[in-house]
Amino acid sequence: MYYAIISEDVEDSLPLRKQARSAHLDRLRALQADGRLLVAGPFPAVDSEDPGEAGFHGSLVIAEFDSLAEAEAWANADPYVEAGVYAGVVVKPFRKVMP
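For clarity, every value in this text was computed on a predicted model and none was experimentally measured.

Asker: How should the overall build of the protein chain be read in this particular structure?
Answerer: Secondary structure assignment for the protein chain yields three helices and four strands. For the protein chain, whose C-alpha radius of gyration is 13 Å, the value lies close to the compact-globule estimate of 13 Å for 99 residues. Its C-alpha atoms give the protein chain principal-axis dimensions of roughly 35 × 30 × 25 Å. Taking all 99 residues of the protein chain together, 30% fall into the buried category. Pairs at least 24 residues apart make up 75% of the contacts formed inside the protein chain by residues separated by at least 6 positions. Surface summary for the protein chain: the accessible area is close to 6,100 Å², and the carbon and sulfur share equals 53%. With 9 positive and 16 negative side-chain charges, the protein chain shows a spacing of 5 Å between the two charge centroids.

Now the structure itself:
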């Protein structure tokens, strides 16, 4: 089943994001290589593809896991969590309807 991992950043998270970005992306690439990643990306803090120094205010990952517990464990082990980027993370079951 798919799960939506919705994360909210702490204030001024951009420097923390930059430090942990490589490790964060490596984990997403692993999900992608396993064919389990539906979509992933950040929420820009401003209405722009490249928010620059405005940074981001959170992230969304939708990926396939065997259970909610597995999805939560994966989300809580994210390098962004360890680096203090996220103020909070919510994991919810997600049912893809379209496309």
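Now that the structure is up, let's keep going.
Asker: How should the nonpolar core be read in this particular structure?
Answerer: Buried together is how nonpolar side chains tend to be arranged in soluble globular proteins. Tyr3, Ile5, Leu28, Leu31, Val61, Ala63, Phe65, Ala71, Trp74, Ala75 and Val91 form the largest nonpolar core, which has 11 residues in total. Put simply, the parts of the chain that give this core at least two residues each are β1 (2–9), α1 (14–33), β3 (56–64) and α2 (68–76). Top element by residues in this core is α2. It accounts for three residues. Ignoring sequence-local partners within four residues, the contact set of Leu31 consists of Arg36, Leu37, Ala63, Phe65 and Trp74.

Asker: Can you help me understand the packing of aromatic side chains in this one?
Answerer: Ring pairs (aromatic) are described by centroid distance and by the angle formed between their planes. One pass over the full model with this rule turns up three aromatic pairs. Judged by centre distance (6.5 Å) and plane angle (55 degrees), the rings of Tyr3 and Phe65 are tilted. Here Phe65 lies in the loop between β3 and α2 and Tyr3 lies in strand β1, a separation of 62 residues in the sequence. Just as Tyr3 is buried, Phe65 falls in that class too. Centroid distance Phe65 to Trp74: 5.7 Å. Interplanar angle 50 degrees. Geometry classified as tilted. Through successive ring pairs, a cluster of aromatic residues spans Tyr3, Phe65 and Trp74. Above the face of the Trp74 ring, Arg27 is positioned so that its terminal group lies 4.0 Å from the ring centre.

Asker: Explanation requested: α1 in the structure shown.
Answerer: Three- or four-residue spacings in an α-helix give side chains the same orientation, since the helix completes a turn every 3.6 residues. With 20 residues, α1 extends 27 Å between its outermost C-alpha atoms, agreeing within 8% with the 28 Å of an ideal straight helix rising 1.5 Å per residue. Residues Leu14, Arg17, Ala20, His24, Arg27, Leu28 and Leu31 constitute the buried set of α1. In the segment just after α1, Gly35 is the residue with positive phi, at about 75 degrees.

Asker: Even after reading the chapter, I still don't get α2, so can you show me in this structure?
Answerer: For α2, every residue scored as buried is listed here: Ala71, Trp74 and Ala75. Taken down its axis, α2 places every buried residue within 100 degrees of arc, on the same side. Packing partners of the buried residues in α2 comprise β1, α1, β3, α3 (79–82) and β4 (86–94).

Asker: Would you explain the pairing of β3 in this entry?
Answerer: In summary, the side chains of a regular strand alternate between the two faces of the sheet. Inspection of the sheet shows β1 paired to β3 by seven bridges, in the antiparallel sense. Of the residues in β3, the one forming a bridge with Glu8 is Gly58. Of the pairings in the sheet, the one linking strand β2 (residues 37–44) to β3 comprises six bridges and is antiparallel in character. Looking across to β3, one finds that Ala40 is bridged to Val61.

Here is what the cut-offs are and how they apply
- Residues numbered from 1 in each chain as written.
- Predicted model: local features only at pLDDT ≥ 70, side-chain atom pairs only at ≥ 80, totals over all residues.
- Heavy atoms only, no water.
- Helix = DSSP H or I, 4+ residues; strand = E, 2+ residues; numbered from the N terminus.
- Rg over C-alpha atoms; globule rule 2.2 N^0.38 Å.
- Buried < 20%, exposed > 50% of the residue type's maximum accessible area, 1.4 Å probe, protein only.
- Contact = heavy atoms within 4.5 Å.
- Areas by Shrake-Rupley, 256 points an atom, 1.4 Å probe, with all protein chains shown as cover.
- Lys, Arg positive; Asp, Glu negative; His and termini not counted.
- Charge placed at Lys NZ, Arg CZ, Asp CG, Glu CD.
- Core = buried A, V, L, I, M, F, W, Y, C linked by side-chain atoms within 4.5 Å.
- Phe/Tyr/Trp six-rings, centres within 6.5 Å; stacked < 30°, edge-to-face > 60°.
- Lys NZ or Arg CZ within 6 Å of the ring centre and 35° of its normal.
- Expected span 1.5 Å × (residues − 1).
- Arc of directions from axis to C-beta.
- Pairing = 2+ DSSP bridges.

So, to be careful, I would describe these as geometric facts and stop short of saying anything about function.
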